[in-house]
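Structural description and commentary
Here's the letter readout for the chains.
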Amino acid sequence: MHETRCHRPARPPVSDAMSRVRFLQFSDCHLDSALAGSRLGFPPDKRARLNRDIEAALTRMVEIAREEQVEVVLCPGDLWDDESVAFTSATFLYDTFALLAPVPVLVAPGNHDPFNAFSYHNPAYYKSKAGRPHPRNVVVFGSPRLERRTVAALPDVDFYGCCFEANVPRTDRILAGVRQARPDMINILVLHGSRDDLVAGRGERALTAPFSRDELLAAGFDYAALGHYHRYSVIEDDSGRVRGAYAGVPVPRGLDETGDHGVLVGEIAEGGVVPGSLKRISVSPRRVLRLEVEVDASLLNAAAAQERISGAVAAAGASAEDILYITLTGRTHPDVTGFDFDPAWLDDLAFHAVVDQSRVEPDYNLDALLHDETACKRIEGQFAARMKRLLDEAAGDPARERLVRQALHLGLDALHGRELRPRHVC
Amino acid sequence: MLIRRVTLRSFGRLSGTFRFEPGCCNVVCERNEAGKSTLVDAILYSFYPPQRSRRGRRNDLHPLDKYAPWAGTGSYGVELELEEPGGRRLLLVNEFGNTPRTTLTDLKAGTPVPLDRQSFGERFFRMSQASFLQCFFLRQDEREALDRGELVQVIERAAVSDRRREDAPVRAALEALKTPRLRYDEFSSNPLQTATLLSRIEERLREEQSRLDNLEADRARCAQEIAAAEGLDAQIEALSETLVRADYECLAAEAAEAEATLERHARLAETQAAREARMAELEPYAAMDLSRRDEARRLHAEWLAQSDRAQEARRRLAEDMQPALEETAGKLAQFAPALRERASRAAVERLRALMTRLEAAREEVARQRQHCETLRTAMAAQGMPLEAYQQVTQKLDALPEPERQMLLTYHQRKSELEASAAEASRRAAEAEARAATARADRERLQGRAYMLLGASAASVVGAVLLILMNLLWAQVVAGLILLAGVAAAVVGLRQWKQAQRVEAEQRDPARQEQLAATAEASRLSERLAALRSEAEETLQRHGLDAAYLDHLRDLGPWARQAGEYQAAKQALEQAEATAAHTADEAWQLVRLAVPDAEPQGLDTAVIERAIGAFEQCVEVSEAAARLESEASRVREELEAAQSSAESRRAALEALIGPPSGRQSLSDAYAEYERRCEFAAEYHRLAGERPPGGLSTEEECANLERLAAAARARMAELVSQDASLASIRPSAPRAELQARLDDLKARLHDLRLRRVNAFKDADQAIERWRREGPNHTAEIARLETLRDTIAGFQQAAALAHEELAAISEQVFSRWAVEIERGVGGIISQITDRYSDVTVTEDLDVSVFSHEAGRRLSSRELAYLSTGARGQMALALRVAVSEYLSEHCGLLPLALDEPFGHWDDERFVAGMRFLSALASRHQVLVLSCHGWRFERLVQTHPDLAKSLHITRLENPGKSL
């Protein structure tokens, strides 16, 4: 566990007389996500363990909330994946919210946990399933339009939020023309949406409920708890005060979720987050690491490759709890069409390890084929020359390059009577 | 392809078996016309059997005829034993002659090898005979005759043919890249082509997608159903509120009921205490026997009643009955005893009826008398001898009825009979007249007939006579007469018939009618006589004379009036008798009331007076009787009451004891009754139980707890909803409970509906959540796999395309190859020329060291024959070498290739061919045997690679 403080230039201290709200923010847990299509290819048992990680992170989040004496917990969406969420997971989440009582919890359902007739965010559905209502300290924004809610514990704070009703991208600009009912109070926005004027940090997330920095600042909220992007990022106004933040995923599981993750804790006052108060607190020891390991023709079998990979993993400082995506690069002996790694070795390497061999190429002596006079006259050489020319033509087009390279290797494999087969990630 | 053996059977002049040595240059040295070309042609025509349909020049011999057996006739053939580069041994047998036939057999397998309607050369060499001759079988006369055009085509075809790839690995590579196969056990246990694999992946994707779509559709449908189910929540909430209110009301009623019960219990407890105190007071009376109380009460009541009854009877007798009796008796004494005795209501009615009858009888008498008088007056006016009539009728009345009737109707019957008889006689007369008339007519007609017939006969006779005269005019006349006679006969016959008809139709019926009428008249006369006889007998029997009948006849018209008068007189007498009788009967009663009344003078006034007296007497008598009857009854009643009272008294005293001292029975009874009342009260109190069965403290405690619990629950409900406090029970608890139960049932139903609707929809959603990710993951996996395989397929196709293009280019550069080949061969044959170039048109140019320049293909034509022959040989051998790499190493036959070569070039050429023989089967035919003999001597090393033989010894291997 570690904390990451957001360092900002020194600003005039906020008066103690002004009201403040200590908050904890987390989102994008994606409980019970099937992780379909992920190149990490988690098997069911590891997906289950990842879910337990998230649950443990939530439990840790409760402890943090108590330690930090937060007054409100903000959850801007995607707490689970609705198409695969289990009853036990949803009820566990709400039971966790109940543990936070009397601290209010505000939830703005996102595109992956939309508010609809059969959503666990829907009080009626929840009650029907669980036999009891939502905890009293939980407020769920159940309207697709921005609405204002208050909580008795924080009479001087207005909370604004809205929900997704389905996993369909929203194109309406929610913050356009928004005005607060009580501008003199602390106004906090809980929103699941995409900042569309900043590409970095967006990762592979699709745009939905888009807004810009200017729109957010113009809306006049003192703070916006944002969800959807899986990486931590902040939105500052011209004076440098944090006016909004994406907490990112608390527990990483995807290839685009490398680096540190956790929950956000801070203090909101009029005009933004109190400088120096915003900090990220890790809730899970697990990391996603991407490594590249160079192979060459000297590696003639899986054992040799494993040894090299193990060394790279150790050098990267990966722990047994980490998730590793290892990309092999380089050229192997032409007779080595792929390494069949021992699954037990992969399990020992890390919590979950994947070796991508799609970029490994057979070590045909292309230089010789291209430059040796005799070889040039042979079909093999001429073939290599032609493919080299196609490669040059494909410069700048990565997909075409990959195709030509693959065609080159397949052709050479075929000319040498080797088995033709695609190279996979395993 | 190696030719191991050639067996000729009468092929031209050759027969026998000839074997070739592999790896050597086989040289056949024979003189001219020994059959060297025949041998070559035998091989050639085995590879390419000539077709008879092929056109040739008119004077040319067909190849098949050219090599027909010199000796003998019939078929001739060639048998080749061949060896393919792979080692397969084939036997090619050609039978020529009239029925050419070619067979190819795999010698090891023993099975035929199909030729697919092609010659062996076309099938296995894939070139025409001409091309084959151009390249592999170089005839002596065709050394320089190079058909470049066709040869270029052959070379081109060989270069681009898939089968003639110069490099087996390239072919395999192209094959592998063209249809790459991958094995994925989930789709097949065998490797599949990528297209098939992708198709199966797409199919699997569609299945998964379809399943996922179905789950999505179910989810969408269930979302609507859950939304609809949530619509029931409002109803459930409303019903729940109503239920709470009903529950509160029911609790209120329950509490009120419990409290009321407790209050009632308290009241009952008080009542119970009072009872017990009272019982203590009444203890002394507890032992009383109350079983006869009712009897005592009854006896006392009866005693009182009877006493009162007797008292009443006594009073009535004394005050009411007695005076009335005395008065009535006085009134009754005023009437006569007989009247008193007979006076009754019936007598009064009887007297009234008699009066009415008497009046009616007297009126009837008067009327009858008047009627009689009227009748008599009328008869007198009509002159009726009434006395005589009466006398007659008297006598007549004395007769028995049949005889009287007979006499009364005698004259009438007599008249009728006489009339009938007269009528019958008249009819008989008329009938007789008609009959006479008919007879006259008949006779008349018969007379005519006789006359005509006679005339006819006469005419006939006359005619005959005239005819006999034999005169013309006589015959004519005779004819006429005859005709007339015939006519007369005809008429006569007709007359006769008519007479017969008259007889039958007129005379005979008239006759019969006459007879009938006559008989009837006779019968009537007899009846009349009988009537007369009867009447006379009757008169005589009763002593009446015949005039009596006349009197009857005369008085007959007066019968009616006389009868009427007689009847009236009888009626009058009857009426008088009735009146007299009635008067007498009435007098019998009247004289009781009016003693001085006489029967004759009995009129209506007297009778009415009598009736009045009767009525009075009757009334008085009835009144007296009533009074007496009443008094008698009252007396009886008095006696009965007294008796009954006495008996009751005795029984009552026996029951309750005699009164004491001055105490009356009533007082004694009252005392008795009081004691019984106390005893009854005691027993009643002793038998009483509090109503409701509330008898234990436990039950009271339970009720108190129940009430307290209900109040507490009510308070709890009020704490949740203060508006409930104003609710008061509006009905009994049972009814409220029933309402509450109904509400609960309805709420349960609603909730059940909600739950079921929710459950069904939620099951589908849970299924979507449970199974959807699996399908999504599977789809993602399949898509990744598809992309990988599609990429692989694309890459393989690209590699194949490029590799094929290269192969095409390589093999299209055959000119370069051939150029290289030619250059190599030239360099082995001579050193005068070098740097050979060959164009794609097979134009050869060389650099002549002697000339110091390059000689074009046209300039080569000016070289010597030998030099040109060397160029041509080099070109052909280079072409054959090139083609051999495509179609296999074919045997090379050179017929006198070095004819114009000098010795040095000959040796070089043979050395070249010997070297070539290590790759090709080379067959050299030459007639210059001495050259080869010298070669053997001068170049023994070279000779080792030669296999020189002759054709003169058939059967000897070459």
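Worth saying up front: this structure is predicted, and the values here are computed from it rather than measured.

**Observations regarding the overall build of chain A**
If you tally the helices and strands in chain A, you get 10 helices and 20 strands. C-alpha atoms of chain A, sized along the principal axes, occupy 85 × 45 × 40 Å. Out of the 426 residues in chain A, the part that is buried amounts to 57%. Long-range pairs, those at least 24 residues apart, make up 71% of the contacts in chain A between residues at least 6 apart in sequence. Total accessible area on chain A stands at roughly 17,200 Å², and carbon and sulfur atoms take up 50% of it.

**Brief notes about the overall build of chain B**
Looking only at helices and strands, one finds 26 helices and 16 strands in chain B. Relative to the globule expectation of 30 Å for 958 residues, the C-alpha radius of gyration of chain B, 89 Å, shows a markedly less compact shape. Across the 958 residues of chain B, 41% fall into the buried class. Once local pairs closer than 6 in sequence are excluded, the contacts in chain B between residues at least 24 apart make up 73%. Accessible surface, chain B: about 51,700 Å² in total, of which carbon and sulfur atoms supply 51%. Across chain B, the mean location of the 129 positive side-chain charges is 9 Å away from that of the 151 negative side-chain charges.

**Considering the nonpolar core**
Judged by nonpolar contacts, the single largest core of 93 residues is most densely connected at B:Phe47, B:Phe120, B:Ile818 and B:Met910. Per element, the largest residue contribution to this core is 10 residues, and it comes from helix 23 (residues 865-887) of chain B. Sequence-distant contacts of B:Phe120, defined by excluding residues within four places in its chain, comprise B:Met1, B:Ser46, B:Phe47, B:Leu82, B:Leu90, B:Leu92, B:Leu104, B:Leu115 and B:Phe125. With 48 residues, the next largest nonpolar core counts A:Tyr94, A:Leu100, A:Tyr120 and B:Phe758 among its residues.

**Quick look at the packing of helix 9 (residues 379-393) of chain A against helix 10 (residues 398-415) of chain A**
Residue and element names in this part refer to chain A. Direction vectors running N to C along helix 9 and helix 10 enclose 175°, while the axes themselves pass 9 Å from each other. As the angle between them shows, helix 9 and helix 10 are arranged roughly antiparallel. When helix 9 is examined against helix 10, the residues Ile379, Glu380, Phe383, Ala384, Met387, Leu390 and Leu391 are found in contact with a partner set consisting of Arg400, Glu401, Val404, Arg405, Ala407, Leu408, Gly411, Leu412 and Leu415. Looking at the contact of helix 9 with helix 10, its residues break down into 11 nonpolar, one polar and four charged.

**Overview of the packing of helix 7 (residues 194-281) of chain B against helix 19 (residues 697-720) of chain B**
Residues and elements named next belong to chain B. The interhelical angle for the contact between helix 7 and helix 19, taken along N-to-C directions, is 150°, at an axis separation of 9 Å. In this view, helix 7 runs roughly antiparallel relative to helix 19, as classed from their interaxial angle. In the crossing of helix 7 with helix 19, the sense of the turn from one axis to the other is left-handed. Tallied by class, residues from the contact of helix 7 with helix 19 come to 16 nonpolar, two polar and six charged.

**Considerations on the side chain of B:Arg275**
Within the secondary structure, B:Arg275 is located in helix 7. Beyond its immediate stretch of four places on either side in the chain, B:Arg275 contacts B:Leu685, B:Ala686 and B:Glu688.

**Here we look at the sheet that holds strand 2 (residues 14-19) of chain B**
Residue and element names in this part refer to chain B. Read from one edge of the open sheet, six strands run 2-1-4-5-6-7, paired in antiparallel fashion. Across the chains shown, the open sheet's two edge strands, defined by having one partner strand only, are strand 2 and strand 7 (111-112). Relative to strand 4 (residues 76-83), strand 1 (residues 2-11) is paired through seven bridges, and the arrangement is antiparallel. Bridge pairing in strand 4 links arginine 9 to glycine 77.

**Some words on the packing of aromatic side chains**
How two aromatic rings sit relative to each other is given by the distance of their centres and the angle of their planes. Counted under the stated rule, the structure contains 29 aromatic pairs over all chains. Each ring, one from A:Phe118 and one from B:Trp768, has its centre 6.1 Å from the other, and the planes form 80°; the classification is edge-to-face. One end of the pair, A:Phe118, is in the loop between strand 4 (105-107) and helix 3 (123-130); the other, B:Trp768, is in helix 20 (residues 733-812), on a second chain. Look at B:Tyr450 and B:Trp496: their rings are 5.3 Å apart centre to centre, the planes differ by 50°, and that puts the pair in the tilted class. Here B:Trp496 lies in helix 14 (residues 472-541) and B:Tyr450 lies in helix 13 (residues 410-468), a separation of 46 residues in the sequence. Of the residues examined, B:Trp496 reaches a relative accessible area of 28% and is grouped as partly exposed. Through pairs of rings, three or more aromatic residues link up here, namely A:Phe26, A:Trp80, A:Phe87, A:Tyr94, A:Phe97, A:Tyr120, A:Tyr125 and A:Tyr126. Against the face of A:Phe164 rests A:Arg170, its NZ or CZ located 5.6 Å from the ring centre. Between the NZ or CZ atom of A:Arg286 and the centre of the ring of A:Phe351, over which it lies, the distance is 3.7 Å.

Criteria and cut-off values
Residues numbered from 1 in each chain as written. Chains lettered and ligands numbered in written order. Predicted model: local features only at pLDDT ≥ 70, side-chain atom pairs only at ≥ 80, totals over all residues. Heavy atoms only, no water. Helix = DSSP H or I, 4+ residues; strand = E, 2+ residues; numbered from the N terminus. Buried < 20%, exposed > 50% of the residue type's maximum accessible area, 1.4 Å probe, protein only. Contact = heavy atoms within 4.5 Å. Areas by Shrake-Rupley, 256 points an atom, 1.4 Å probe, with all protein chains shown as cover. Rg over C-alpha atoms; globule rule 2.2 N^0.38 Å. Lys, Arg positive; Asp, Glu negative; His and termini not counted. Charge placed at Lys NZ, Arg CZ, Asp CG, Glu CD. Core = buried A, V, L, I, M, F, W, Y, C linked by side-chain atoms within 4.5 Å. Axes fitted to C-alpha atoms, helices over the stretch in contact; angles between N-to-C directions. Parallel < 35°, antiparallel > 145°, perpendicular 65-115°, else oblique. Nonpolar A, V, L, I, M, F, W, Y, C, P; charged D, E, K, R; others polar. Left-handed = near helix turned anticlockwise from the far one by under 90°. Pairing = 2+ DSSP bridges. Phe/Tyr/Trp six-rings, centres within 6.5 Å; stacked < 30°, edge-to-face > 60°. Lys NZ or Arg CZ within 6 Å of the ring centre and 35° of its normal.

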